Amino acid sequence: MLNRAELCDLAARVLPADLVSAVERSFWTPQFGPNHNEGPYMDSHLSLVIETLEKISRGKVRRVVPVVARHMMVMAVREYGLVTCRIYALLHDVAKQDCMTLVYADGRKVAVTWNEWQAILFDGGESGCASLVGDGDAQTRFCQEQGIEKISYFQKTENGQRAHGRVAAEWLRGRTDIPGLVVRAIETHEIAYQFGGKGGINLPLFEKTFGGWTEAEVGFALAVNYADQMASLDTTGKPVIEDVVWLARTALAARDLATLSARLEATPQLDVARVEKALVALNGSRAAFQTETVEQVYARIVAECRLPEVTEVQIRDALVPVVEAGLSDELTDRIVIEMVANGKLSAETGKALGGFNRLVRPALAKLG
C-alpha cells in the first residue's frame, strides 16, 4: 500500500496542478464507524482503492463476482490504463470533507463543514487542536467519548441532499484535462450500495444509471465500485462486497435482456403485444436470468407468444365471403403473404383494409 508521502507524490505526477492541494487535503478526511476500518484517515482508503485497481489490471478479482463481469472489469481497466485508474482513485472521494455528517448514537445527525469539524476537534481536545488533528487514535477516542456512532459523507440540508460523489463530479465536469469517463465513474461509484440494499436484479435502476454506456465503460464502473467496496473494511477488517456482486449480476442481466429483445424482434409469427408484456415483466423481475439462460427465456416466450401457423389455402378459403363482398385481389394477396409469413396483419394493411376490417378480422380469427 502507498503511504501518504507516496500518495502526495502520485497526485503531483498524474493530476492537474490546480487539483493537487484539494486532493492532499482530502487525505485527512476522518474515518470512523462500521464501514471504514482500514484507517482513521481517508488516505488509507485511497491507497487500498489504488491497490485493488492494480490487482484488477493483473486479472485478480474475487471469484464471487460472475466470471463474465470479472472479464469486463479486467478488460476495462487494461483498456483505460492505470494512469486513468489512479486519477479516478485520487479524485473520487475528494468532496467527502464537504459532505460530512456526524451520526450520534442517540439518533442525531449533524451536517458539518470541514472548518466546523476542525473546530469540534479543537474544542474537544484537552490541549487544543494539536492534540487531536493528525492523531488518528486520539480522533477515534474523541468520537467514542462524544457518542459519535459513525461519520457519513452524505448530507441532508435545507437546500436538498449532498452526496460526495455527485458533488465531486459537478466540481470536475467540463474539464478537458480529466477524462469524462472518470467524472461519470466518480458520480456513480457508490451505486452498488443501491443494488445490494434493494436485493436481487434491478434492471430499471441499471438502465437509469448506465443507459447509453458502452460495455467497456460499464466494465470500468464495475471495477471502481468493486475497488471502493474492497477498500472499505468492516469492524473485522474485511471488505463486504455483496452489493457490487448484485450490480455485476444486473449488468449481465441487462446484456442478456438486450440480446433477448433483439432475437425476439427478428423472430416472425409472434404476438407483438404479448412479447412486449413478457419483456416488461422480465425487466421488473428481481430474478431475471438468474435461473434461466437467454436461450431458455427465448424458448419460453416464443412458446407463449407464437401466432398460429396457417397455409395459403386456409387463408383464401376463410376470405371467400369477404372477396365476394368486394375485397380486391391486391388486398387479398397482401393478407395471404403477411399471414403466412408473420401470422398477423401489418398496421399498414389494417389501415388499407378500412371498412373491410370488420369482415376480415373475424374471418381470420376462425383460423385459430
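Residues numbered from 1 in each chain as written. Predicted model: local features only at pLDDT ≥ 70, side-chain atom pairs only at ≥ 80, totals over all residues. Heavy atoms only, no water.

**Observations concerning the overall build of the protein chain**
- Along the protein chain, the regular secondary structure elements total 18 helices and five strands.
- Computed over its C-alpha atoms, the radius of gyration of the protein chain comes to 29 Å, more than 25% above the 21 Å expected for a compact globule of 368 residues.
- Principal-axis analysis of the C-alpha atoms places the extent of the protein chain at approximately 105 × 45 × 40 Å.
- Within the protein chain, the proportion of its 368 residues that are buried is 48%.
- Long-range pairs, those at least 24 residues apart, make up 69% of the contacts in the protein chain between residues at least 6 apart in sequence.
- Working note: accessible area of the protein chain is about 18200 Å², and carbon and sulfur atoms make up 52% of it.
- One way to put it: in the protein chain the 40 positive side-chain charges average out to a point 3 Å from where the 47 negative ones average out. (Helix = DSSP H or I, 4+ residues; strand = E, 2+ residues; numbered from the N terminus. Rg over C-alpha atoms; globule rule 2.2 N^0.38 Å. Buried < 20%, exposed > 50% of the residue type's maximum accessible area, 1.4 Å probe, protein only. Contact = heavy atoms within 4.5 Å. Areas by Shrake-Rupley, 256 points an atom, 1.4 Å probe, with all protein chains shown as cover. Lys, Arg positive; Asp, Glu negative; His and termini not counted. Charge placed at Lys NZ, Arg CZ, Asp CG, Glu CD.)

**Concerning the packing of helix α3 (residues 42–57) against helix α11 (residues 215–230)**
- Here α3 crosses α11 at 130 degrees, and the two axes come no closer than 8 Å. The orientation of α3 relative to α11 falls into the category oblique. Where α3 crosses over α11, the handedness of that crossing is right-handed. Every residue of α11 that contacts α3 at His45, Val49, Thr52, Leu53 and Ile56 is listed here: Ala223, Val224, Tyr226, Ala227, Asp228 and Met230.
- For the contact of α3 with α11, the residue count by class is eight nonpolar, two polar and one charged. (Axes fitted to C-alpha atoms, helices over the stretch in contact; angles between N-to-C directions. Parallel < 35°, antiparallel > 145°, perpendicular 65-115°, else oblique. Left-handed = near helix turned anticlockwise from the far one by under 90°. Nonpolar A, V, L, I, M, F, W, Y, C, P; charged D, E, K, R; others polar.)

**Side note on the layout of surface pockets**
- In this structure, the largest pocket spans a volume of roughly 960 Å³.
- Along its surface, the largest pocket is lined by 38 residues, and Phe154, His164, Glu190, Ile191 and Tyr193 are the ones closest to its centre.
- Taken together, the elements giving at least two residues each to the lining of the largest pocket come down to β3 (148–152), α7 (164–172), α8 (180–187), α9 (192–198), α10 (203–210) and α11.
- Estimated volume of the second largest pocket: approximately 300 Å³.
- Lining the second largest pocket are 17 residues, and of these Phe206, Glu207, Ala251, Ala254 and Arg255 sit closest to its centre.
- Sorting the residues of the lining of the second largest pocket by element identifies α10, α11 and α12 (242–265) as the ones contributing at least two each. (1 Å grid on protein atoms, 1.4 Å probe; cavity = no way out; pocket = protein on both sides within 12 Å on 5 of 7 lines; lining within 4 Å. Points joined across faces, edges and corners; volume = space filled by probe spheres on them.)

**Structural notes on the packing of aromatic side chains**
- Evaluated as defined, the whole model comprises five aromatic pairs.
- Note on Tyr80 and Phe220: the rings are 5.6 Å apart at their centroids and 75 degrees apart in plane angle, and the pair reads as edge-to-face. Here the residue Tyr80 occupies a position in helix α4 (residues 67–91), and Phe220 occupies one in helix α11, the gap between them amounting to 140 residues.
- On the basis of relative accessibility, which here comes to 1%, the residue Phe220 falls in the buried class.
- On the basis of an interplanar angle of 90 degrees and a centroid distance of 4.9 Å, the ring pair of Phe210 and Trp213 is categorised as edge-to-face. (Phe/Tyr/Trp six-rings, centres within 6.5 Å; stacked < 30°, edge-to-face > 60°.)

**Looking at the pattern of salt bridges**
- One pass over the structure, following the stated rule, counts 18 salt bridges.
- Between Arg25 and Asp98 there is a salt bridge, and its shortest N-O distance comes to 3.6 Å. Of this pair, Arg25 sits in helix α2 (residues 17–26) while Asp98 sits in the loop between α4 and β1 (100–104), placing them 73 residues apart in sequence.
- Close ionic contact of Glu304 with Arg300 constitutes a salt bridge, the shortest N to O distance being 3.8 Å. In this pair, Glu304 and Arg300 both sit in helix α14 (residues 294–305), four residues apart, roughly one turn of the helix.
- Judged by its relative accessible area of 36%, Glu304 falls in the partly exposed class.
- When salt bridges with common partners are traced through the structure, they connect Asp18, Arg175 and Asp177 into a single cluster. (Salt bridge = Lys/Arg side-chain N within 4 Å of Asp/Glu carboxyl O.)

**Some points on the pairing of β1**
- Of all the five residues making up β1, five are buried; the element is thus mostly covered by neighbouring parts of the structure.
- Sheet topology places β1 next to strand β2 (residues 109–112); four bridges connect them, and they run antiparallel. By the bridge assignment, Met100 is partnered in β2 with Val112. (Pairing = 2+ DSSP bridges.)

**Digging into the side chain of Asn225**
- Along the chain, the position of Asn225 falls in helix α11.
- From its side chain, Asn225 meets the backbone nitrogen of Ile191 in a polar contact 3.4 Å long.
- Not counting residues up to four positions away in its chain, the partners in contact with Asn225 are Thr188, His189, Glu190, Ile191, Ala192, Val244 and Leu247. (Polar contact = N/O pair within 3.5 Å; in protein donor to acceptor, adjacent residues only side chain to side chain.)

**Regarding the sheet that holds β2**
- Strand order in the open sheet formed by three strands is β2-β1-β3, and the pairing between neighbours is antiparallel. The strands lining the two open edges of the sheet, one partner per strand, are β2 and β3. Strand-to-strand twist across the sheet, computed as the mean angle between neighbouring axes with direction ignored, equals 20 degrees.
- Pairing of β1 with β3, which is carried by four bridges, proceeds in the antiparallel orientation. Residue Val103 lies in a different strand from β3, and its bridge partner there is Lys150.

**Regarding the nonpolar core**
- One finds Leu53, Tyr88 and Leu90 to be the most contacted residues of the largest nonpolar core, which totals 66 residues.
- With twelve residues, the single largest contributor to this core is α4.
- Not counting chain neighbours up to four residues away, the residues in contact with Leu53 comprise Val77, Leu82, Cys85, Tyr88, Ala89, Ala223, Val224 and Ala227.
- Leu270, Val294, Val297 and Val302 belong to the second largest nonpolar core, which has 19 residues in total. (Core = buried A, V, L, I, M, F, W, Y, C linked by side-chain atoms within 4.5 Å.)

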